[in-house]
Amino acid sequence: MKYADLHVHTFYSDSTFSPEEVALCAHKKALACFAVCDHDCVDGIEPCQEAARPFDIEVVPGIEITVEKADAEIHILGYFMDWKVDWFQSKLKEMQRSRLDRIYMMVDKLVGAGFPMTVQDVVKLAGKGTVGRLHVAQAMLKTGKVRSIKECFDKYIGFLKPCYVSNVRFSPRESIEMILKAGGVPVLAHPDVTGKDEYIPELIECGLLGIEAYHTEHKAHVVRHYETLAKRYDLLVTGGSDCHGLGKGKVLLGGVRVPYTVVEKLREASEKVKHAYR
Ligand code: AMP
Ligand code: ZN
Ligand code: FE
Ligand code: FE
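S.K.: Please provide a residue-by-residue account of helix α3 (residues 86–112), values included.
M.R.: For α3, which comprises 27 residues, the first-to-last C-alpha distance of 40 Å matches the rise-based estimate of 39 Å (1.5 Å per residue) to within 8%. Within α3, burial applies to Phe 88, Leu 92, Met 95, Gln 96, Ser 98, Arg 99, Arg 102, Ile 103, Met 106, Val 107 and Leu 110. Buried residues in α3 make contact with β3 (58–69), α4 (119–126), α5 (133–142), α6 (149–157) and α7 (172–181).

S.K.: Describe the coordination of the iron ion (ligand 3), naming the residues involved and giving the relevant values.
M.R.: Protein coordination at the iron ion (ligand 3): the donors are Glu 64 (OE), His 75 (ND1) and His 190 (NE2), at 2.0 to 2.2 Å from the metal. Sequence positions of the residues that donate to the iron ion (ligand 3) give the spacing E-x10-H-x114-H. A spacing of 5.9 Å is found between the iron ion (ligand 3) and the zinc ion (ligand 2). Here Glu 64 is found in strand β3, whereas its partner His 190 is found in the loop between β5 (185–188) and α8 (191–194), with 126 residues between them in sequence. Pair check on accessibility: Glu 64 and His 190 agree, each one buried.

S.K.: So what's going on with the nonpolar core? Residues and values would help.
M.R.: If you look at the biggest cluster of nonpolar residues, it comprises 50 residues, and the most contacted ones within it are Phe 34, Ile 74, Ile 76, Phe 88, Leu 188 and Leu 253. Aside from chain neighbours lying at most four places away, what touches Ile 74 is Ile 65, Thr 66, Val 67, Lys 69, Leu 188, Thr 194, Tyr 199 and Leu 203. Grouped together as the second largest cluster of nonpolar side chains are 19 residues, Ile 103, Ala 137, Ala 139 and Ile 157 included.

S.K.: Describe the layout of surface pockets, listing the residues and the values that go with them.
M.R.: Of the volumes computed, that of the largest pocket is approximately 1,000 Å³. Every residue lining the largest pocket is counted, 37 residues in all, and those nearest its centre are His 75, Arg 133, Phe 153, Val 193 and Lys 248. Elements that contribute at least two residues to the lining of the largest pocket include exactly β3, β4 (72–79), α3, α5, α6 and α8. Its residues assigned to classes, the lining of the largest pocket comprises nine nonpolar, 15 polar and 13 charged. The calculated volume of the second largest pocket comes to roughly 290 Å³.

S.K.: Got a sec to walk through the pattern of salt bridges? Specific residues and values, please.
M.R.: Scanning the entire structure with this criterion turns up eleven salt bridges. One salt bridge connects Arg 267 with Glu 58, and the closest N-O pair in it is separated by 3.2 Å. Linking Arg 267 in helix α11 (residues 261–276) with Glu 58 in strand β3, this pair joins segments that are 209 residues apart in sequence. Residue Arg 267 is classed as partly exposed on the basis of its relative accessible area, which comes to 27%. Using a relative accessible area of 25% as the deciding quantity, one classes Glu 58 as partly exposed. Across the pair Glu 205 and Arg 173 runs a salt bridge whose closest N-O atoms are separated by 2.6 Å. With a gap of 32 residues between them, Glu 205 in helix α9 (residues 200–206) and Arg 173 in helix α7 connect regions that are remote in the sequence. What makes Arg 173 partly exposed here is its relative accessible area of 35%. Each of Arg 147, Glu 151 and Lys 155 takes part in one network of salt bridges that share partners.

Cut-offs and rules
- Residues numbered from 1 in each chain as written.
- Chains lettered and ligands numbered in written order.
- Predicted model: local features only at pLDDT ≥ 70, side-chain atom pairs only at ≥ 80, totals over all residues.
- Heavy atoms only, no water.
- Helix = DSSP H or I, 4+ residues; strand = E, 2+ residues; numbered from the N terminus.
- Expected span 1.5 Å × (residues − 1).
- Buried < 20%, exposed > 50% of the residue type's maximum accessible area, 1.4 Å probe, protein only.
- Contact = heavy atoms within 4.5 Å.
- Donors = N, O, S within 2.8 Å, 3.2 Å for Na, K, Ca; no water.
- Core = buried A, V, L, I, M, F, W, Y, C linked by side-chain atoms within 4.5 Å.
- 1 Å grid on protein atoms, 1.4 Å probe; cavity = no way out; pocket = protein on both sides within 12 Å on 5 of 7 lines; lining within 4 Å.
- Points joined across faces, edges and corners; volume = space filled by probe spheres on them.
- Nonpolar A, V, L, I, M, F, W, Y, C, P; charged D, E, K, R; others polar.
- Salt bridge = Lys/Arg side-chain N within 4 Å of Asp/Glu carboxyl O.

Rendered as structure tokens:
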């Protein structure tokens with residue numbers, strides 16, 4: 001049986017893993033396929049494809065876009081987009097610029113809260129990747145004022161916490177339409193982490209086609225809940241580990257995986273999208 005992990009980050013966003021490390025890890029886990037889903041960034045796709053080729057592992061082009069409602073942070077995954085097209089790339093550049101602006105605002109707040117840190121500390125940790133809150137948390141840890149990444153998010157930089165700054169350039173509809181227009185399949189990431197099922201019908205109305213029922217943070221009863229929901233709304237069911245290398249403590253890659261048939265269903269869905277939107 002062939003398996004795929006459909007939610008993997010690289011150091012082009014906030015994982016500590018290079019494409020080579022991701023590919024080697026996927027090989028060790030005997031995966032036939034993985035999807036690169038970096039935050040607001042597609043730069044890791046081609047390097048992963050190259051790194052995975054010697055192992056005969058297929059790399060699905062993906063992305064994870066953050067959107068917000070007043071009371072919810074929602075992550076939308078996209079699969080099989082024509083990610084090289086100019087308009088798509090320039091929208092991502094816009095998102096990446098706003099991510100950096102946001103880091104300035106968050107570091108200001110954190111300095112005010114007593115963290116001796118600079119934007120440069122955070123940007124250095126991000127390296128060539130899109131900068132994000134996991135880098136902020138890593139810089140906070142270095143000050144010795146907090147003991148864990150979890151503490152950083154729970155007390156300071158989690159959604160709507162005192163040092164949180166929103167990073168949203170596009171609405172849920174605009175983000176879903178952006179994926180569809182690029183011929184990709186929009187999928188709701190880790191719905192239980194978001195914890196706001198009430199927005200699912202609205203997202204479906206915007207064009208959502210799938211739901212990530214299998215995820216590292218989803219317990220068995222949660223998986224069953226989202227499988228039932230997927231059936232009710234006729235959504236594809238996907239899954240992945242959301243591996244960030246060592247960025248979240250331990251390496252998760254391959255810990256959540258789905259049968260390769262899911263990849264085939266996503267590919268078929270993307271072909272339908274490409275016909276419908278052209
Ligand atoms: P950003 O793209 O800057 O919004 O940061 C997103 C990253 O922060 C992702 O890796 C999330 O999994 C992580 N993250 C968001 N909220 C939390 C939380 N409460 N605890 C740990 N990590 C989180
Ligand atoms: Zn991340
Ligand atoms: Fe996410
Ligand atoms: Fe993710």
